[in-house]
Amino acid sequence: MARALVNLTVATAVFFLLFLLSHSNPSTSPPLLLPPPHHGSRPAMILPLFPSPKTPSRTFSNSRRHLQRSESHSTRPNARMRLYDDLLLNGYYTTRLWIGTPPQRFALIVDTGSTVTYVPCASCEQCGTHQDPKFQPDLSSTYQPVKCNLDCNCDNDRVQCVYERQYAEMSSSSGVLGEDMISFGNQSELLPQRAVFGCENEETGDLYSQRADGIVGLGRGDLSVVDQLVEKGVISDSFSLCYGGMDIGGGAMVLGGISAPSDMVFSYSDPVRSPYYNIDLKEIHVAGKRLPLNPSVFDGKYGTVLDSGTTYAYLPEAAFKEFKDAIMKELNSLKQIRGPDPSYNDICFSSDSSDVSELSKIFPTVEMVFDNQQKLLLSPENYIFRHSKVRGAYCLGIFPNEKDPTTLLGGIIVRNTLVTYDREHSKIGFWKTNCSELWERLHVAGAPSTSPSSSSGKDNSTVKLPPTSAPDGSPNYALPVGIQIGEITLDMSLSVNYSYLKPLINKLAEFIAKGLDINASQVK
């Protein structure tokens, strides 16, 4: 990938430094690699998810391997997109999509529980104030309304197709359906594709008040962006998500098939069982001990559902009680404290460590056992979150699902886990890795690899693969937003005490990266 060199003036750099004088210094963690590919499946469309890092997450001894799209007889492009925001701070991750000609940019929540992609329409008077301007159909030369037909719900005048979506937290979105070009950014090799999406006329609840513009729907359904791309033959019937760990976030989304790592754990996912992505959960173990539960407890209503748009996890009341009791028994030496929000009855504990890498020495391991007896290991970061007001304190991120017998597993459960939604083969795979570094390995072709960690005592030699390049002759679809940044060079002369400035260098790099809409690791 071509890299642009950006030189910032001394005046600009000084401005950044002045801004940082009262801020602390984050650190960064070394880049990791992903697993080698296998052959025989169609290529993937890779969309990296990448929020701004705050503090380093844990590292994994088996993560220094490559993950690349699968080989195929046909040459198909892929798309690469970044993720912004943070799962626990914002409650979601967003990615960027561009709609129309010329393209209009939108920040959309990545949601496997939604089956339609929608953005606020210019005519919407009941939409909130979001981070990007509303979509203006009149400014797009390729926009077409979806006319009323037998396959859709129609407006009162029976002229145009309409949609409506309601969510459990009492928010809703409704509007008309339109068709236009959807683009995946300048880093994407995939050409813009025509797709149907929702143009909102009304928002309520969290959808009205959130900063994100809308939602990109990855669920099962004709309006899902996945279904539409599969129908066009652009990607295979599969996609993957990889959310970063505690404090740092990051990761990637892959639309299309990938070669599964040899030690990926799979669960059957019945497409008929419910309209959502479900897994066949049978048992939960805490500290190696099975909870005394009938497996049918995880099969109520919609069963056990994975939902990337949900922040935490929710168990049926009987399962939650057993889980809470088992956790509290293992943590009886820790002091229980009040949660950060008095409106909620959070279960929180005070510990002596604020280091994520030390949590496994304090909190017990949790395992989810599937019908095929394969086990998904949950690290502490997969079921606890930091107390926002007490240093070294943590709270359970798993809650009772009130009277709903559905088991709902949100993003916290799969932090630092590559989750492959293999819809073609009706299964979902899980593979523990450092998701925060996935984007760097996919984005920076030929980046040098480092020696694998030996903390596990296993031989995990690095597998080096050639960088993936765009097929010859692929047209370059230029979007009127930003440029690709590979390196930033600063030449400056400052009259300041270096010992005072030194702790702020990393914060300066992060601030510059944010202003230029790039990865902080690219600022050296």
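Residues numbered from 1 in each chain as written. Predicted model: local features only at pLDDT ≥ 70, side-chain atom pairs only at ≥ 80, totals over all residues. Heavy atoms only, no water.

A word on the overall build of the chain
Within the chain one finds seven helices and 31 strands. Scored against the burial criterion, the 524 residues of the chain give a buried share of 53%. For the chain, contacts bridging at least 24 residues in sequence account for 74% of all contacts bridging at least 6. Carbon and sulfur atoms make up 50% of the accessible area of the chain, which totals about 24,000 Å². (Helix = DSSP H or I, 4+ residues; strand = E, 2+ residues; numbered from the N terminus. Buried < 20%, exposed > 50% of the residue type's maximum accessible area, 1.4 Å probe, protein only. Contact = heavy atoms within 4.5 Å. Areas by Shrake-Rupley, 256 points an atom, 1.4 Å probe, with all protein chains shown as cover.)

Quick look at the pattern of salt bridges
What the rule picks out here adds up to 12 salt bridges. D237 is the salt-bridge partner of R423, the closest N and O atoms lying 2.6 Å from each other. Here D237 lies in the loop between α3 (225-231) and β13 (239-245) and R423 lies in the loop between β29 (417-422) and β30 (427-432), a separation of 186 residues in the sequence. On the basis of relative accessibility, which here comes to 22%, the residue D237 falls in the partly exposed class. Three or more residues joined by partner-sharing salt bridges are found here, namely D227, D237 and R423. (Salt bridge = Lys/Arg side-chain N within 4 Å of Asp/Glu carboxyl O.)

Considerations on the nonpolar core
In this structure, L218, F323, Y383, I413 and F430 are the most contacted members of the largest nonpolar core, which totals 83 residues. Look past the residues within four positions of Y383 in its chain and what remains in contact with it is F323, I327, F363, P364, V366, L378, C395, L396, G397, I398 and I412. Membership of the second largest hydrophobic core comes to 15 residues, among which are Y118, Y167, L177 and I215. (Core = buried A, V, L, I, M, F, W, Y, C linked by side-chain atoms within 4.5 Å.)

Regarding the pairing of strand β23 (residues 366-370)
Among the five residues that make up β23, four are buried, leaving the element largely enclosed by the rest of the structure. Here strand β17 (residues 281-286) pairs with β23 via five bridges, running antiparallel. Bridge assignment links E283 to a residue of β23, and that residue is V369. By the bridge criterion, four bridges tie β23 to strand β24 (residues 375-378) in an arrangement that is antiparallel. Its bridge partner being in β24, E367 is matched across the sheet by L377. (Pairing = 2+ DSSP bridges.)

Description of the sheet that holds strand β19 (residues 304-306)
The sheet built from five strands is open, its strands ordered β16-β19-β28-β20-β27 with mixed pairing. Single-partner strands in this sheet number two, and they are β16 (277-279) and β27 (398-400). The sheet shows a mean angle of 30° between the axes of neighbouring strands, direction not considered. Direction of pairing for strand β20 (residues 313-315) relative to β27: parallel, over a ladder of three bridges. Bridged to Y314 within β27 is F399. (Axes fitted to C-alpha atoms, helices over the stretch in contact; angles between N-to-C directions.)

Brief notes about the side chain of S240
Looking at where S240 falls in the secondary structure, it is placed in strand β13. Reaching out from S240, the side chain makes a polar contact with the side chain of T420 at a distance of 2.9 Å. Ignoring anything within four residues of it in the chain, the contact list for S240 reads A252, M253, V254, I258, L418, V419 and T420. (Polar contact = N/O pair within 3.5 Å; in protein donor to acceptor, adjacent residues only side chain to side chain.)

A short note on helix α4 (residues 317-330)
With 14 residues, α4 extends 20 Å between its outermost C-alpha atoms, agreeing within 8% with the 20 Å of an ideal straight helix rising 1.5 Å per residue. Those residues of α4 lying buried are A319, F320, F323, A326 and I327. The arc enclosing the buried residues of α4, seen along the axis, measures out at 135°, which places them on a common side. Looking at the buried residues of α4, the elements they touch are β17, β20, β23, β26 (393-396) and β27. (Expected span 1.5 Å × (residues − 1). Arc of directions from axis to C-beta.)

Here's the deal with unusual backbone geometry
Following T101, the chain continues to P102 via a peptide bond in cis, the omega torsion being 0°. The backbone of M170 shows a phi angle near 70°, a positive value even though the residue is not glycine. Looking at where M170 falls in the secondary structure, it is placed in the loop between β9 (161-166) and β10 (172-183). In this structure M170 comes out as exposed when scored by relative accessible area, which is 70%. Residue Q373 is not a glycine yet carries a positive backbone phi of 70°. Within the secondary structure layout, Q373 lies in the loop between β23 and β24.

Describing the state of the cysteines
Inspection of the entire model under this criterion finds six disulfides. In this model C121 forms its disulfide with C199; the gap between the sulfur atoms is 2.0 Å. On the sign convention where negative is left-handed, the bridge of C121 and C199, at about 90° about the S-S bond, is right-handed. One end of the pair, C121, is in the loop between β6 (118-120) and β7 (144-145); the other, C199, is in strand β11 (residues 193-204), and 78 residues separate them in sequence. Note on accessibility: C121 and C199 belong to one class, buried. Each disulfide pairs two cysteine sulfurs, and for C348 the partner residue is C395, the sulfurs being separated by 2.1 Å. (Disulfide = S-S within 2.5 Å.)

Structural notes on the sheet that holds β23
Here four strands make up an open sheet; going across it, the order is β18-β17-β23-β24 and the pairing antiparallel. This sheet does not close on itself; its edge strands, each paired only once, are β18 (289-290) and β24. Together, β17, β18 and β23 form the strand contacts of α4, whose direction differs from that of β17 by roughly 20°.

Describing the packing of aromatic side chains
Under the counting rule described, the total for this entry stands at 16 aromatic pairs. Taken together, the ring pairs connect F106, F135, Y143 and F197 into an aromatic cluster. Across the ring face of F266, the terminal group of K427 is positioned such that the distance to the ring centre comes to 4.3 Å. (Phe/Tyr/Trp six-rings, centres within 6.5 Å; stacked < 30°, edge-to-face > 60°. Lys NZ or Arg CZ within 6 Å of the ring centre and 35° of its normal.)

Quick word on the confidence of the model for the chain
In the predicted model, the chain carries a mean pLDDT of 76, and 68% of its residues have values of at least 70. Across residues 50-75 the pLDDT falls below 50, and counting only partners more than four positions away or on other chains, this stretch makes 125 contacts in the model. Across residues 443-486, confidence stays below pLDDT 50; counting only partners more than four residues off in sequence or on other chains, it has 77 contacts. (pLDDT = per-residue confidence, 0-100.)

Here we look at the pairing of β10
The buried fraction of β10 amounts to 11 of the 12 residues, a majority that puts the element mostly inside the structure. Where strand β4 (residues 94-99) meets β10, two bridges bridge the pair, whose relative direction is antiparallel. When the bridges of β10 are listed, W98 appears paired with S183. Relative to β10, β7 is paired through two bridges, and the arrangement is antiparallel. Its bridge partner being in β10, P145 is matched across the sheet by G178. Hairpin connection between β9 and β10: a loop of five residues separates the two successive antiparallel strands, and M170 in this loop has a positive phi of roughly 70°.

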